[in-house]
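Listed here are the chains, written in short residue letters.
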Amino acid sequence: MVSSNRIMARPLWIIVGFCLAQGAAQAQSIWLPGADPVNIARSGAGVAFGRSIEACSLNSALLATLRGAGAVYLSGGMEMQSSQLTLPSNERVLYTTDRNRFVPAFGAGWRVTPKVALGVKVDKPFLRHAEVPKESSSRFFGQAIDLNSLRAEFQFAYAVNEKFSLGVSAGMTRLDYASEVALRAAVPNIGNLPLSSSNPAEALLETTARQEGSVLAATYSAGFRYAVNSRWTVGGSYQSGVKGRLELEASLPSQVLDIYNTRGHSSPPPPLGIEDQARVLLNAATARHGDGDLTLPYKIQAGVRHRYNQLMTWEIDLLYIGAQGMELPALPSINTPSGRVYTTERNYEFKDCLTISGMMELNLGRDWIARCGFSLDSALRGSGWADAMVGGAQTAGFSIGFGYRIFGGELCAGYQFRQAMDREINGLEGIWSLDGLSSTSTSTRVEGMGHLWAVGFRVNF
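Note that this is a predicted model, so its numbers are computed, not measured.

1. Here we look at the nonpolar core
Across soluble globular proteins, nonpolar side chains show a tendency to be buried alongside one another. By size, the foremost hydrophobic cluster in this structure holds 33 residues, and its most contacted members are L294, L296 and L328. Counting residues per element, the ones that place at least two in this core are β6 (144-159), β7 (164-188), β8 (201-227), β14 (294-296) and β16 (312-322). Once you skip the residues sitting within four places of it in the chain, L294 turns out to touch L147, L175, Y177, V242, K243, G244, L246, E327, L328 and P329. In this structure, I53, C56, A71 and V103 belong to the second largest nonpolar core, which totals 23 residues.

So, in structure tokens, the structure goes:
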């Protein structure tokens, strides 16, 4: 018995070691592995993990496996993202800000008849946020992004027999989106008149254009679960993507005069007294939102679960992320007396990608449960591209968590660590002079890291 416990403990400590190591892990994704502590600790694996109310958020067919009359969980946590931009030419390192978000989750399931079960889930399937510092010239191609989501779906499961069950869910997802970009407009001798030979440009005024909006979109999912025997189970699910036309509103949040000479530099300084004309130009400028839908990817997930013995259970899941049709609205622009000022639009080149995730759960005595997991994603974007706004490199995550049975239920905690794969990108930096915006050939190293944790309580009744 002692030797078997040692054998089972080895994989756990190996995965724990990965969780604590920050070297080879690779990046953040635009989707979350889960919003509750159990799915976070499992790194999103669990589509075939029956008798788990949290796994039902991945596959509604698992509602039919719940013990007793039903189950419920409630949790809250935090998610942190940060990207790192390094110019190898001078080894200057800049970090993004706007790093933290609150992550709530709720789920419930109850048995209506021996064959029919109902449920509800509330979670965050997508999350992305970052703001590059003023010192980074990549701000001309995108200065900030804030993508948030909240999904609520009702679930239905039907047990065809003891081994096979089907499930569907449907509901709504609210998407909140905001983006910012730094723009430069020519300041003429007379600020409220168009540029001309008699009204030449004297300087450049930099300002930030912002757009934000939200939309409600219908979402749905379908899944199955088949128990081969008491130890082996297979399961799969399809979760729809989200698409909606945002009601965007544009604004110029900054009224600070940030003035440069016509070559786009602060030295030598622009002519004395140009501040008055820059203020006139800023007052005459209006913000204009970008066009386009917000489209986020669908997910197909299949998994195999094996109950090795009464103490240990593991599962491996394979995911297909349909991101090729993913879209983000164009960045905002400004209208000035001399015409529209806008940035150079990027081709994000999103593509479908594969993900593998795995988890292991150990029953440590009567009251304690230990969980750990990993996930590995292929690149979200083509041509080796990545940036601070959307990321896009290969991704990985390592997680750990525990459960403690108390108050007739289980107190759970889960944590996942993520770190970005380094990418050397040319053309990420820009220079904006009177001739307009152009990208430089400067190489920029893009990295990223993140933390996700949650604490919650679940109970069967």
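Now, onward.
2. Some details on the pairing of β8
Of the strand pairs in this sheet, β7 and β8 are connected by 25 bridges, and their pairing is antiparallel. Of the residues in β8, the one forming a bridge with S165 is R225. In this sheet, strand β12 (residues 258-260) lies alongside β8 in antiparallel orientation, the contact comprising 3 bridges. In the sheet register, E206 faces β12, and the bridge partner there is D258. Pairing of β8 with strand β11 (residues 249-251), which is carried by 3 bridges, proceeds in the antiparallel orientation. Residue pairing in the sheet places R210 in a bridge with S251 of β11. Pairing analysis gives 7 bridges linking β8 to strand β9 (residues 232-239), with the strands arranged antiparallel. For A222, the partnering residue across the bridge sits in β9 and is Y238. The turn joining β8 and β9, which pair antiparallel and follow one another in sequence, is formed by 4 residues.

3. Describing the sheet that holds strand β18 (residues 339-341)
Taken together, the 3 strands give an open sheet; going across it, the order is β13-β17-β18, and neighbouring strands pair in antiparallel fashion. For this open sheet the edge positions go to β13 (286-288) and β18, each flanked by a neighbour on one side alone. Strand after strand, the sheet turns through a mean of 35° between neighbouring axes, direction not considered. Taken together, the 3 bridges between β13 and strand β17 (residues 333-336) define a ladder with antiparallel strand orientation. Pairing of R288 across the sheet is with S333, part of β17.

4. Thoughts on the environment of L354
Of note, L354 is situated in strand β19 (residues 353-364). Distance from L354 to Q301, taken between C-alpha atoms, is 9.9 Å for residues 53 residues apart in sequence.

5. Examining unusual backbone geometry
Omega for the peptide link from S267 to P268 comes to -5°, which places this bond in the cis form. Among the secondary structure elements, P268 is positioned in the loop between β12 and α3 (274-284). At R51, a position not held by glycine, the phi torsion is positive, near 60°.

Definitions and limits used
- Residues numbered from 1 in each chain as written.
- Predicted model: local features only at pLDDT ≥ 70, side-chain atom pairs only at ≥ 80, totals over all residues.
- Heavy atoms only, no water.
- Core = buried A, V, L, I, M, F, W, Y, C linked by side-chain atoms within 4.5 Å.
- Buried < 20%, exposed > 50% of the residue type's maximum accessible area, 1.4 Å probe, protein only.
- Helix = DSSP H or I, 4+ residues; strand = E, 2+ residues; numbered from the N terminus.
- Contact = heavy atoms within 4.5 Å.
- Pairing = 2+ DSSP bridges.
- Axes fitted to C-alpha atoms, helices over the stretch in contact; angles between N-to-C directions.

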